[in-house]
Amino acid sequence: MYEKYIMAIDQGTTSSRAIIVNQVGQIIASDQAEFKQYYPQAGWVEHDPQEIWNNVQKVMSGALINGQLDPQQIHAIGITNQRETSLIWDQKTGQPIYNAIVWQSRQTSAISDDLLDKGYGSFIQERTGLIPDAYFSATKIRWILDHVPGAQARAEAGDLLFGTIDTWLLWKLSNGQVHMTDYTNASRTMLLNLKTLDWDDEILHLLNIPKKILPQLKSNSEIYAHAQSYHFHDHQVPIAAMIGDQQAALFGQLAFEKGMVKSTYGTGAFIIMNTGQEIRLSDHQLLSTVAYVLGDQVTYALEGSIFVAGSAIQWLRDGLNLFSKASESEALAMDASDQETPIYMVPAFTGLGAPYWNPDVRGMILGLSRGTNKADLAKATLQAIAYQVKDVVDTMEADAKMEINQVRVDGGAASNHYLLQFQADILGKELVQAQEVETTALGAAYLAGLATNYWQSLDQLKALLGQGQVFQPHMDQIQGQKLYQGWQKAVKAAAYYADLCRED
Ligand SMILES: Nc1ncnc2c1ncn2[C@@H]1O[C@H](COP(=O)(O)OP(=O)(O)O)[C@@H](O)[C@H]1O
Ligand SMILES: O=P(O)(O)OC[C@H](O)CO
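Note that the structure is a prediction, hence the values are computed from the model and not measured.

Below, the discussion takes up the overall build of the chain. Counting secondary structure elements, the chain contains 16 helices and 23 strands. Relative to its length of 504 residues, the chain is compact, with a C-alpha radius of gyration of 22 Å against a globular reference of 23 Å. Dimensions of the chain, computed from C-alpha atoms along their principal axes, come out at roughly 65 × 55 × 45 Å. A buried classification covers 51% of the 504 residues belonging to the chain. Long-range contacts, defined as pairs at least 24 residues apart, comprise 72% of the intrachain contacts of the chain with a sequence gap of at least 6.

Between its terminal C-alpha atoms helix H12 (residues 374–400) stretches 39 Å, which fits the 39 Å expected from 27 residues at 1.5 Å a residue. Of all 27 residues that make up H12, 20 are buried, and the element is covered over most of its length. Positioned one or two residues after H12, Lys-401 has a phi angle of 50°, which is positive.

All right, on to the UniProt feature "domain: Carbohydrate kinase FGGY N-terminal" (unreviewed entry) in the chain then. With numbering matched to this structure, UniProt assigns "domain: Carbohydrate kinase FGGY N-terminal" (unreviewed entry) to residues 5–252. Counted over residues 5–252, helix gives 32% and strand 28%. Its end C-alpha atoms are 17 Å apart.

The next thing to look at is the sheet that holds strand S23 (residues 467–471). Spatial ordering of the open sheet is given by S17-S18-S16-S15-S21-S22-S23, a layout of seven strands whose pairing is mixed. A single partner strand is all that each edge strand has here, and the edge strands are strand S17 (287–294) and S23. Ignoring which end each strand starts from, the neighbouring axes of this sheet average 30° apart. Looking at chain direction, strand S15 (residues 261–265) and strand S16 (residues 269–274) are connected through five bridges and run antiparallel. Its bridge partner being in S16, Val-261 is matched across the sheet by Met-273. Along the sheet, helix H13 (residues 417–427) contacts strand S21 (406–410), strand S22 (430–434) and S23; its crossing angle with S22, the most-contacted strand, is approximately 150°.

Turning next to the site of ligand 1. The immediate surroundings of ligand 1 are formed by 19 residues, with Gly-12, Gly-266, Thr-267, Gly-310 and Gly-412 found nearest. Per-element tally for the shell around ligand 1: the top contributor is helix H10 (residues 310–319), with four residues. Broken down by class, the residue content of the shell around ligand 1 amounts to three nonpolar, 15 polar and one charged.

Mapped onto this numbering, the UniProt entry annotates "binding site: glycerol" (unreviewed entry) at Arg-83, Glu-84, Tyr-135, Asp-245 and Gln-246. By secondary structure assignment, the location of Arg-83 is in the loop between strand S5 (74–81) and strand S6 (86–90). The class of Arg-83 is buried, set by 29 C-beta atoms lying within 10 Å. Contacts of Arg-83, omitting those with residues within four sequence positions, involve Trp-103, Thr-164, Asn-185, Arg-188, Gly-244, Asp-245 and Gln-246. Take Tyr-135: it is sitting in the loop between helix H3 (121–128) and helix H4 (137–147). Sequence-distant contacts of Tyr-135, that is, excluding residues within four places in its chain, are made with Glu-84 and Trp-103.

Within the element layout of this structure, Ile-306 appears in strand S18 (residues 297–306). Remark: the alpha-carbon pair of Ile-306 and Lys-258, spanning 48 residues in sequence, is separated by 22 Å. The contacts of Ile-306, once residues within four sequence positions are left out, are Gly-268, Ala-269, Gly-353, Ala-354, Gln-388, Val-389 and Val-392.

With that settled, the discussion passes to the site of ligand 2. Around ligand 2 sit 13 residues, and of these Gly-12, Thr-13, Arg-83, Gly-266 and Thr-267 come closest. For the shell around ligand 2, the residue count by class is one nonpolar, nine polar and three charged.

Moving on, we come to the sheet that holds strand S14 (residues 237–244). Strand order in this open sheet of six strands is S3-S2-S1-S5-S14-S13, and the pairing throughout is mixed. Only two strands of the sheet have a single neighbouring strand rather than two, namely strand S3 (27–34) and strand S13 (221–227). Ignoring strand direction, the axes of neighbouring strands in this sheet form an average angle of 25°. Pairing geometry for strand S2 (residues 15–21) and S3, over seven bridges, is antiparallel. Along S3, the bridge assignment pairs Ser-15 with Glu-34.

Attention shifts here to the nonpolar core. Core analysis: the biggest nonpolar cluster contains 151 residues, and Met-7, Ile-77, Ile-385 and Ala-448 have the highest contact counts within it. The dominant element in this core, judged by the number of residues it contributes, is H12, at 12 residues. Setting aside residues up to four positions removed in sequence, Met-7 forms contacts with Ala-18, Ile-20, Met-60, Ala-63, Ile-74 and Ile-77.

So, about the packing of H10 against H12. Put simply, H10 and H12 touch, their axes get as near as 9 Å, and they point 165° apart. Regarding the angle of H10 to H12, the classification is roughly antiparallel. The hand of the H10/H12 crossing is right-handed. Across from Ala-312, Ile-313 and Leu-316 in H10, the residues of H12 making contact are Leu-377, Ala-378, Thr-381, Ala-384 and Ile-385. A per-class count over the contact of H10 with H12 returns seven nonpolar, one polar and no charged.

Okay, unusual backbone geometry next. In this model, Ala-354 is joined to Pro-355 through a cis peptide bond whose omega is -10°. The backbone of Asn-175 sits at a positive phi, close to 60°, despite the residue not being glycine. Mapped onto the elements, Asn-175 comes out in the loop between helix H6 (165–173) and strand S9 (180–182). Notably, Met-190 is not glycine yet its phi reads approximately 75°, a positive angle. Relative to the helices and strands, Met-190 resides in the loop between helix H7 (183–186) and strand S10 (192–193).

Parameters and conventions
Residues numbered from 1 in each chain as written. Chains lettered and ligands numbered in written order. Predicted model: local features only at pLDDT ≥ 70, side-chain atom pairs only at ≥ 80, totals over all residues. Helix = DSSP H or I, 4+ residues; strand = E, 2+ residues; numbered from the N terminus. Rg over C-alpha atoms; globule rule 2.2 N^0.38 Å. Buried ≥ 20, exposed ≤ 12 C-beta atoms within 10 Å, placed from the backbone. Contact = placed C-beta atoms within 7 Å. Expected span 1.5 Å × (residues − 1). UniProt positions renumbered as here; feature names shortened; annotations may be inferred. Pairing = 2+ DSSP bridges. Axes fitted to C-alpha atoms, helices over the stretch in contact; angles between N-to-C directions. Near = placed C-beta within 6 Å. Nonpolar A, V, L, I, M, F, W, Y, C, P; charged D, E, K, R; others polar. Core = buried A, V, L, I, M, F, W, Y, C linked by C-beta atoms within 7 Å. Parallel < 35°, antiparallel > 145°, perpendicular 65-115°, else oblique. Left-handed = near helix turned anticlockwise from the far one by under 90°.

Set out below in structure tokens:
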């Protein structure tokens, strides 16, 4: 008898991955492929949904080929995805009526500004746990229905379907048979009522979004459908997990206990604290969200979302051509000499997310001198990622009224040891790197395995994953405080400049 495996699809902002995991939690094969980013106007970011689907099929095949596996060896599939990114398609033809509007895109900010101007901020936060912003799906849906001729009428007639990327992939994988989402992705739409765990009729009414375009709500670990894609021929492979990628990373980090915190460093950085069965509404502009739903038990979380982290390193690489690989930033930063007046980079390319939520701020570099070189810029950029995470972790401690002793870290940029050491130093906290870098995909694999009896319990999962490198804080506290105060001044300067521009 063949050995059986779980396949997890991780559809991220810049690339898609497929991994194949064995019973002891090891990744035995994987594949990854980047896909195109569309920037139709300044501040807009879009993806082609068909290209995403092709890209996902390619990595599914690639992982099977790389592992030299027979598709029949796949026991179940889990899906995890970039969250909030939204698309609408025609239910009969399956054709998207517009590109997917990506989470980072600011093209819908007039709609969220309008909600705030009309005083709906706290109403929406109480219902959904979110601060009205272009980041979330609701404004993206409204924008597509407004901008595609005839779309509102077609939506009202029940001809159109909305989905985040989990929903789109499930719909494609099931050959258009099921239209479902999970509670974590739904909790990022700004349409889910966190208490009732149902779509919120009043918010739908406020935004004039017809309920019939929304998918059915499901837990994170159950069989939704069987894959009909060509990979599996007639073999019935259950699709048994869907979960937003940041929640998947929390699950993949095995952060099942209340108070546990993870920070993922990818395109953006996302810090999540497990708050157990309690919805903790933030007093400081963090988000309350669903961490995961297993059976009928809901676990909630507090989240700080930072829009630009690893993508600032990408900008140094592709925008400024300072180096050819993101990983080179590590050696460069280590080479940079300490300056009396440190250089600060505020990477607010698409505004600032948590805890500032200032969509108008743009990037700024302060403290340049004639001697500034690319090593200094690499260092300032990596430090900026760490400062933004500190902004969120400090806020999270204030909100949760508890001290966070340890942060579990993962994501592409978490392979940068300069970043992690500086992060531990500036937080004054221990960081624990995941032993397996693909924690996001592992989270989805674990959930698919739990739904299909591949694994039996959370305790069994805990035994699968060892811990990676630990980073302890070494920096003198006074020095750390001084550096961080400089960062806070730099953010104020960037916000002040945005205010001045607004007055013009
Ligand atoms: N060694 C590194 N140092 C700093 N940044 C890195 C490093 N490796 C990757 N990155 C950054 O991490 C991001 C990729 O991480 P990943 O987790 O794959 O992101 P995503 O899931 O958002 O597509 C890119 O923005 C890249 O610039
Ligand atoms: O694809 P990532 O890893 O950049 O994650 C994107 C987040 O889910 C956006 O909220």
